[in-house]
Amino acid sequence: MLENLVAWILNNYIGEYFCLNTDQLSVAFLQGQVDLENVPLRTSSLRKFDIPLQVKHGLIGKLQLQVPLTRIRSQPWILRIRDFLVLVGPYSSNYDVEIVEQFKQQNLEKMLDELEIEQKKKLLSQLGIKLNENEEQNSWWGTTSLLSTISSNIQILVENVHIKYESTDFNFGVQIDSLNVQTTNAQWRVGFVDPTDGINIFKKFDVKGFSIYWNPENNLNDSPIVLPLSLDSLKGFFSSPSENVYILQPFTLELRMEKNNSRFPLRSTLIPRFKN
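Residues numbered from 1 in each chain as written. Predicted model: local features only at pLDDT ≥ 70, side-chain atom pairs only at ≥ 80, totals over all residues. Heavy atoms only, no water.

Labelled according to an unreviewed UniProt entry, the protein appears under the name Chorein N-terminal domain-containing protein, originating from Meloidogyne enterolobii.

## Thoughts on the sheet that holds strand β6 (residues 201–215)
A sheet is described by the order of its strands in space; here 8 strands give the open sequence β1-β2-β3-β4-β5-β6-β7-β8, paired in mixed fashion. Of all the strands in the sheet, just β1 (33–40) and β8 (274–275) have a single pairing partner and so form its edges. Here strand β5 (residues 171–184) pairs with β6 via 12 bridges, running antiparallel. Looking at β6, one finds that Thr183 is bridged to Lys203. (Pairing = 2+ DSSP bridges. Helix = DSSP H or I, 4+ residues; strand = E, 2+ residues; numbered from the N terminus.)

## Describing the confidence of the model for the protein
Where the model shows low pLDDT, its predicted coordinates should not be examined in detail. Confidence along the protein averages 76 in pLDDT terms, with 69% of residues attaining 70 or more. Every residue in residues 132–142 scores below 50 in pLDDT, and together they form 11 contacts with partners more than four places removed in sequence or on other chains. (pLDDT = per-residue confidence, 0-100. Contact = heavy atoms within 4.5 Å.)

## Considering the nonpolar core
Core analysis: the biggest nonpolar cluster contains 33 residues, and Leu63, Leu65 and Trp77 have the highest contact counts within it. Those elements giving two or more residues to this core turn out to be α1 (2–15), β1, β2 (53–66), β3 (78–90), α4 (133–153) and β4 (155–166). Considering every element that reaches this core, the biggest residue donor is α1, with 6 residues. Listed in part, the 7 residues of the second largest apolar core include Leu85, Leu234, Phe237 and Phe238. (Core = buried A, V, L, I, M, F, W, Y, C linked by side-chain atoms within 4.5 Å. Buried < 20%, exposed > 50% of the residue type's maximum accessible area, 1.4 Å probe, protein only.)

## Digging into the layout of surface pockets
Here the largest pocket defines a volume of roughly 780 Å³. Taken together, 30 residues line the largest pocket, and the ones lying closest to its centre are Phe18, Phe84, Val86, Val161 and Ile163. Elements supplying a minimum of two residues to the lining of the largest pocket: α1, β2, β3, β4 and β5. Tallied by class, the residues present in the lining of the largest pocket amount to 27 nonpolar, 2 polar and 1 charged. (1 Å grid on protein atoms, 1.4 Å probe; cavity = no way out; pocket = protein on both sides within 12 Å on 5 of 7 lines; lining within 4 Å. Points joined across faces, edges and corners; volume = space filled by probe spheres on them. Nonpolar A, V, L, I, M, F, W, Y, C, P; charged D, E, K, R; others polar.)

## A short note on the side chain of Gln182
You can see Gln182 is positioned in strand β5. For Gln182, a relative accessible area of 13% gives the class buried. Among the polar contacts listed, one links the side chain of Gln182 to the side chain of Gln155, at a separation of 3.2 Å. Here Gln182 is in contact with Gln155, Leu157, Val190, Phe202, Lys203, Lys204 and Asp206, once residues within four sequence places are set aside. (Polar contact = N/O pair within 3.5 Å; in protein donor to acceptor, adjacent residues only side chain to side chain.)

## Some details on a nonpolar patch on the surface
A cluster of nonpolar side chains, contributed by Trp214, Ile247, Leu248, Phe251, Leu253 and Leu255, occupies part of the molecular surface with about 520 Å² of accessible area. The element contributing the most residues to the nonpolar patch is strand β7 (residues 246–259), with 5 residues. In this fold, Leu253 is placed in strand β7. Relative accessible area serves as the criterion here: at 35%, Leu253 is assigned to the partly exposed category. (Patch = residues over 30% accessible without salt bridge, like charges linked within 9 Å, V, L, I, M, F, W, Y side chains within 5 Å. Areas by Shrake-Rupley, 256 points an atom, 1.4 Å probe, with all protein chains shown as cover. Salt bridge = Lys/Arg side-chain N within 4 Å of Asp/Glu carboxyl O.)

## Considering the pattern of salt bridges
If you walk through the whole model with that rule in mind, you get 4 salt bridges. A salt bridge links Glu254 to Arg256, with the shortest nitrogen-to-oxygen separation between them at 2.7 Å. Note that Lys275 is salt-bridged to Glu258, the shortest N-O span being 3.9 Å. Of this pair, Lys275 sits in strand β8 while Glu258 sits in strand β7, and the two are 17 residues apart along the sequence.

## Digging into the packing of aromatic side chains
Here the structure, examined in full by the defined rule, presents 9 aromatic pairs. Every member of this aromatic cluster is reached through a ring pair, and the members are Tyr165, Phe170, Phe172 and Trp214. (Phe/Tyr/Trp six-rings, centres within 6.5 Å; stacked < 30°, edge-to-face > 60°.)

## Notes on unusual backbone geometry
A positive phi angle, near 50 degrees, is found at Asn38, a position not held by glycine. Tracing the sequence through the fold places Asn38 in strand β1. According to the relative accessible area criterion, Asn38 is partly exposed, its value standing at 29%. In the Ramachandran plot, Asp83 falls in the positive-phi region, its phi being about 65 degrees despite a non-glycine side chain.

## Section: the pairing of β5
Within a regular strand, the side chains alternate between the two sheet faces. Alignment of β4 against β5, held across 10 bridges, turns out to be antiparallel. Paired with Tyr165 across the two strands is Phe172, which belongs to β5. Here β4 folds back onto β5, and the loop between the two strands holds 4 residues.

## Re the pairing of β3
Judged by how many residues are buried, β3 sits mostly within the fold: 10 of 13 residues are covered. With 12 bridges connecting them, β2 and β3 associate as antiparallel partners. Its bridge partner being in β3, Leu53 is matched across the sheet by Pro90. As paired strands, β3 and β4 are joined by 10 bridges and run parallel to one another. Counted as the bridge partner of Ile78 is Gln155 from β4.

Written out as structure tokens, the structure is:
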């Protein structure tokens with residue numbers, strides 16, 4: 001059951017964009033920690049946004065998920081990502097419209113599959129829970145409550161993000177030293193919150209070392225990347241800070257968000273679902 005739950009968390013948060021092999025996660029669960037290295041970014045990960053860019057190469061150097069085995073319902077899960085490097089560029093001339101249409105159709109089918117009744121069957125199957133008709137309703141709400149507790153409190157800690165756009169004439173990029181997304185209490189102190197109905201959820205976003213650079217002259221690196229993709233082979237395609245012309249110098253940013261956790265629709269425009 002726990003293996004399927006961890007696989008669901010990873011697939012739900014990053015599985016749509018990264019190539020994860022969640023079938024090989026079982027051994028690490030005994031230690032309450034899952035470690036993956038050199039996780040490649042899907043080249044199709046930007047197609048859903050309908051923007052004129054394509055991913056050339058990208059990966060996560062190290063991904064770590066810490067699971068509080070003895071306190072799953074009372075302590076936050078922690079997802080750590082280190083060395084997130086992405087190299088993007090304009091659409092190539094052999095861009096296939098049919099592939100995009102197929103991707104849109106797949107997304108539409110996925111949205112339909114996420115309706116409550118289908119999600120219910122899927123999650124119960126993933127968690128290995130077999131129910132008779134009398135137990136099904138109560139156990140479904142228990143499973144939903146557990147998933148809601150985990151997703152509401154999961155901490156996402158990211159270090160060293162570098163996203164670079166490269167063309168024949170210029171290149172520019174975004175660099176982030178660290179990005180943390182954490183649940184807090186009403187006083188904005190990081191901690192665990194039980195997402196019960198009527199209690200708002202507070203999130204804090206801490207960004208450090210955010211910067212943007214623009215280099216008007218670009219020297220394309222035509223060296224082939226050795227497959228399977230690794231962090232060392234990809235680093236050669238990214239310039240060092242001293243080589244960049246910054247249009248936005250590194251700075252620190254903190255954002256705070258409050259979510260109304262009511263399970264019922266908010267019918268008044270004076271009561272927003274989210275506010276900051």
